[in-house]
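Residue-level listing of the chains:
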Amino acid sequence: MTLAKKYKARFGVAIVAMLLTLAGCSGDEDNGNPVGTLTETVTTPNIPAADRRIHPLTEGVYATGGSVSSMGHPLEYRFDFDGSVTQWSQDSLASHTWGTAGRHIVRAQSRCALHDVLSPWTLNVLILAHGHLVTDFETPVLGPDTARVVNPYSNDEAGVTFSTDEPGFNLGHVGLVLNRSTTACVAPKSDNQKLGTGRRGTGQVGWDAFEIRADFLPYIPPGATLRVQVQIRQLKDVKLTVFSPQHRAIAVVTKNAGVGAGTCGYFGEPRTRVTLEYTASQDVKLIRIDGGSFDFVIDNFEIDIPQR
Ligand SMILES: [Zn+2]
């Protein structure tokens, strides 16, 4: 199923009527309709779909089309790439190169080529362009706080949102915590900010062991690499489960934390850092990071999307 078809299936095709006075037009082209005030409508075109054969997430050709004039008139199309709108064209394709890494927006519109009757804009399509996208959790600055609930935690430029959910339990939230203020603290004590989980209602972050979930907007393309740095107790396994856009688990990466940096003032066993890495073989919609009931925090969540 193409991207355009998926969106159409979900949202349907919006049709907005636009009034047009055709008094100045030849009656012939309207097959003998009486001269007067007629209504022409132009349907919303297809949501722009990138041509996947040429790696749409770097630079590519975007296709729309599928728009209809209620009077059968010829149509023109234009695209909006991050607010930069192209010229009207009979061509329903447009190429575009993204100048910066991260998340971008594409939409399209059509019009009657004869009467300037506009269709509505399509819904936005989100594109995650090539580059090295890092979420280091150093914003917002916590200031005098040692921890703060930020649930969910979003990095719009990197197209990723972090949250937590526990099926049948649902007591967790995510938030920011200073390295010196979490049970997963790794020496040396510092004010570096991490993403941790806590028990909902307590405001506490970095002291509970809920799974952390990362959702990608729109999705991670094949060939892209995810890298997650986790702090957890020594010798514990950390698991990364990868899900497709259909929410099917498609891969599991498990890594043992090994022996590492030691505690920085908290009770219990020494802590360490472990980096989990996964290279996508198909579209990835979300991942879950699981410390196996041991408290953990994450830092430096990286996405590398290669040039084709
Ligand atoms: Zn027209």
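Residues numbered from 1 in each chain as written. Predicted model: local features only at pLDDT ≥ 70, side-chain atom pairs only at ≥ 80, totals over all residues.

A few words now on the overall build of the chain. Check the secondary structure of the chain and you find one helix and 22 strands. Here the chain holds 308 residues, and 36% of them are scored as buried. Considering only residue pairs separated by 6 or more positions, the chain has 69% of its internal contacts joining residues 24 or more positions apart. (Helix = DSSP H or I, 4+ residues; strand = E, 2+ residues; numbered from the N terminus. Buried ≥ 20, exposed ≤ 12 C-beta atoms within 10 Å, placed from the backbone. Contact = placed C-beta atoms within 7 Å.)

What follows deals with the sheet that holds strand S13 (residues 160-163). Read from one edge to the other, the open sheet built from six strands follows the order S12-S13-S16-S21-S18-S19, with strand pairing classed as antiparallel. Edge positions in the sheet fall to strand S12 (153-155) and strand S19 (249-256), since each has one partner strand and no second. On average, each strand axis in the sheet is tilted by 15° relative to the strand beside it, whichever way the strands run. Direction of pairing for strand S18 (residues 237-243) relative to S19: antiparallel, over a ladder of seven bridges. Considered in S19, the bridge of aspartate 237 is made with asparagine 256. (Pairing = 2+ DSSP bridges. Axes fitted to C-alpha atoms, helices over the stretch in contact; angles between N-to-C directions.)

What follows is about the sheet that holds strand S6 (residues 84-85). Sheet architecture is open: four strands sit in the order S6-S5-S8-S9, paired in antiparallel fashion. Edge positions in the sheet fall to S6 and strand S9 (125-129), since each of these pairs with one other strand and no more. With five bridges joining them, strand S8 (residues 102-112) and S9 adopt antiparallel strand pairing. Across the sheet, the residue bridging to isoleucine 105 is leucine 126, located in S9.

What follows deals with the nonpolar core. By size, the foremost hydrophobic cluster in this structure holds 59 residues, and its most contacted members are Leu195, Ile220, Val230, Ile289 and Ile298. Here this core spans two domains, since at least three of its residues come from each of domain 1 (3-129) and domain 2 (132-305). Among all residues touching isoleucine 298, those that are not within four sequence positions of it are Lys194, Leu195, Ile212, Val228, Gln229, Val230 and Ile289. (Core = buried A, V, L, I, M, F, W, Y, C linked by C-beta atoms within 7 Å. Domains from an automatic or database assignment.)

This paragraph deals with the pairing of S13. Along any regular strand the residues' side chains alternate between the sheet's two faces. A one-sided burial pattern is seen for S13, the buried positions being Val160 and Phe162 and the unburied ones Thr161 and Ser163. As defined by bridge partners, S12 adjoins S13 across three bridges and the pair is classed as antiparallel. By the bridge assignment for S13, tyrosine 153 is matched with phenylalanine 162. As consecutive antiparallel partners, S12 and S13 are separated by four residues, and within that stretch glycine 159 has a phi angle of approximately 65°, a positive value. Direction of pairing for S13 relative to strand S16 (residues 212-220): antiparallel, over a ladder of four bridges. Across the sheet, serine 163 pairs through a bridge with arginine 213, a residue of S16.

Quick look at the environment of phenylalanine 210 now. As for its placement among the helices and strands, phenylalanine 210 is situated in the loop between strand S15 (193-199) and S16. Taking C-alpha positions, phenylalanine 210 is 6.8 Å from threonine 164, a pair spaced 46 residues apart along the chain.

Turning next to the environment of methionine 71. Mapped onto the elements of the fold, methionine 71 is located in the loop between strand S4 (59-63) and strand S5 (75-81). A C-alpha to C-alpha distance of 8.8 Å links methionine 71 and threonine 39, two positions 32 residues apart in sequence.

Let us look at the confidence of the model for the chain. Mean pLDDT over the chain: 83, with 82% of residues reaching 70 or higher. Here residues 1-36 is a poorly scored stretch, pLDDT under 50, and it has 41 contacts once near neighbours within four places are set aside; other chains count. Segment residues 53-57: pLDDT under 50, and twelve contacts once partners within four positions in sequence are set aside and those in other chains are kept. (pLDDT = per-residue confidence, 0-100.)

In this section: unusual backbone geometry. Put simply, threonine 139 and proline 140 share a cis peptide bond, and its omega is -10°. Here the amide bond leading from asparagine 151 into proline 152 is cis, since omega sits at 0°, within 30 degrees of zero. Structurally, proline 152 is set in the loop between strand S11 (147-149) and S12. The residue phenylalanine 137 is not glycine, and still its phi comes out positive at about 65°. Relative to the helices and strands, phenylalanine 137 resides in the loop between strand S10 (131-135) and S11. In this structure, serine 293 takes a positive phi of about 75° despite not being glycine. Positionally, serine 293 belongs in the loop between strand S21 (284-290) and strand S22 (297-305).

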